[in-house]
Amino acid sequence: MSVLRKLLDKVIGDGTPAGFTGTLEKDESVAETAEVRGGGHLLATSLGLWVPAEDGYRRIGWHLLSKVTWGDGVLVVIEADETGEAGDAVLLTDRAPRRYPLVDPGKLPHAVHRRVTESIRSRHHRDLPGGGAWFVQRKVPGRDGIVLQVRADPGTDGDAVRTVAAEVAVKIREALQ
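The structure presented is a predicted model; accordingly, all values stated were derived computationally and were not measured.

S.K.: For this particular structure, what's the right way to read the overall build of the chain?
M.R.: A tally of regular secondary structure across the chain gives three helices and eleven strands. Moving toward the C terminus, one meets the helices and strands of the chain in the order α-β-β-β-β-β-β-β-β-α-β-β-β-α. Each of the three principal axes of the chain carries a C-alpha extent, and together these read 55 × 35 × 25 Å. Looking at the chain residue by residue over its 177 residues, the buried ones come to 40%. Within the chain, contacts between residues at least 6 apart in sequence are counted, and of these 41% link residues at least 24 apart. On the chain, roughly 10,300 Å² of surface is accessible, and the fraction owed to carbon and sulfur atoms is 50%. Of note, the chain has its 24 positive side-chain charges centred 4 Å away from the centre of its 25 negative side-chain charges.

What follows is the structure in structure tokens.
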């Protein structure tokens, strides 16, 4: 895409590439896009990363990207699902990594890295029976406040994770009052 075309899209359009079938929120803006080899595009917006899906496109909120790496022309994305709650904490489980080979990445990998990093307010790993868990405080795009997310390592005792997560959430809430 030419520099002039990109500029015109930013000034006149919504910044989405041709063929994009997703629906941006009223206040959602496109920061960067890149074409995926084999079809579709990735879009970094103010609210998340849009990825090609079987039925068009879907957005992954920045707070649900567990890990994103860039290398050898491929963006590897590990998305998390919210699988439960423990008090005020949200329990997460990672999906399998998805690989997106990019035709011309431009600034998209940098924009994704920056947005994911900026969503994290604090992170700490704690050993628990059978493994451990990551305790991450994150800003959720479009919402006020911070959410405590807890992602258990494989094999970690689920009851221990829920108990400790709920205790940590209470301690955080008390510290903020």
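From this point, things continue past the structure.
S.K.: Could you clarify how one ought to interpret helix 3 (residues 158–176) in this entry?
M.R.: Quick reminder: α-helices carry 3.6 residues per turn. Residues three or four places apart thus point the same way. The terminal C-alpha atoms of helix 3 lie 27 Å apart, and with 19 residues this matches the ideal 27 Å at 1.5 Å per residue to within 8%. Where helix 3 is concerned, the buried positions are Ala160, Val161, Val164, Ala165 and Ala169. The buried side chains of helix 3 occupy one side of the element, clustering within an arc of 155° when seen end-on. With respect to the buried face of helix 3, the exposed residues turned more than 90 degrees away are Asp159 and Glu174. Tucked inside the fold, the buried residues of helix 3 contact strand 6 (74–86), strand 7 (89–94), strand 9 (120–128), strand 10 (131–139) and strand 11 (146–152). Sitting at the head of helix 3, Asp157 places a side-chain oxygen 3.1 Å from the backbone nitrogen of Asp159.

S.K.: Got a minute to help me understand the sheet that holds strand 1 (residues 30–35) in this structure?
M.R.: Backbone hydrogen bonds are what pair the strands of a sheet, in a parallel or an antiparallel way. Reading across the sheet, the four strands line up as 1-2-3-4 and stay open at both edges, with antiparallel pairing between neighbours. Since the sheet does not close on itself, it has two edges, and those belong to strand 1 and strand 4 (56–61), each with one partner. Going across the sheet, the axis of each strand differs from the next one's by a mean of 20°, ignoring polarity. Packed onto the sheet, helix 2 (residues 108–119) meets strand 1, strand 2 (41–45) and strand 3 (48–53) and runs at close to 45° relative to strand 2.

S.K.: Just to check I follow, could you spell out helix 2 for this structure?
M.R.: With twelve residues, helix 2 should cover 16 Å at 1.5 Å per step; its first-to-last C-alpha distance of 17 Å lies within 8% of that length. Residues of helix 2 that are buried: Leu108, Pro109, Ala111, Val112, Val116 and Ser119. Summarising the axial view, the buried residues of helix 2 lie within an arc of 165°, below the 170-degree limit, and thus occupy one face. Seen from the buried face of helix 2, the exposed residues on the opposite side, beyond 90 degrees, are His110 and His113.

S.K.: Which parts of the structure should I look at to understand the pairing of strand 3?
M.R.: Consecutive side chains of a regular strand alternate in pointing toward one face of the sheet and then the other. Counting buried residues in strand 3 gives five out of six residues, a clear majority hidden from the surface. In this structure, the hairpin formed by strand 2 and strand 3 is closed by a connection of two residues. The pairing of strand 3 with strand 4 spans six bridges and is classified as antiparallel. Residue pairing across strands places Val51 opposite Arg58, the latter belonging to strand 4.

S.K.: Whenever I open this one, the packing of aromatic side chains confuses me. Can you help?
M.R.: Between two aromatic rings, the relevant description is the distance of the centres plus the angle of the planes. Scanning the model with the defined rule gives two aromatic pairs in all. Between Phe20 and Trp50, the aromatic rings sit 5.2 Å apart at their centres with planes inclined by 85°, giving edge-to-face as the arrangement. With a gap of 30 residues between them, Phe20 in the loop between helix 1 (3–11) and strand 1 and Trp50 in strand 3 connect regions that are remote in the sequence. Phe20 sits in the buried class, given a relative accessible area of 13%. The class for Trp50 is buried, based on a relative accessible area of 5%. A connected cluster of aromatic rings, assembled from ring pairs, spans Phe20, Trp50 and Tyr57.

Here is what the cut-offs are and how they apply
Residues numbered from 1 in each chain as written. Predicted model: local features only at pLDDT ≥ 70, side-chain atom pairs only at ≥ 80, totals over all residues. Heavy atoms only, no water. Helix = DSSP H or I, 4+ residues; strand = E, 2+ residues; numbered from the N terminus. Buried < 20%, exposed > 50% of the residue type's maximum accessible area, 1.4 Å probe, protein only. Contact = heavy atoms within 4.5 Å. Areas by Shrake-Rupley, 256 points an atom, 1.4 Å probe, with all protein chains shown as cover. Lys, Arg positive; Asp, Glu negative; His and termini not counted. Charge placed at Lys NZ, Arg CZ, Asp CG, Glu CD. Expected span 1.5 Å × (residues − 1). Arc of directions from axis to C-beta. Polar contact = N/O pair within 3.5 Å; in protein donor to acceptor, adjacent residues only side chain to side chain. Pairing = 2+ DSSP bridges. Axes fitted to C-alpha atoms, helices over the stretch in contact; angles between N-to-C directions. Phe/Tyr/Trp six-rings, centres within 6.5 Å; stacked < 30°, edge-to-face > 60°.

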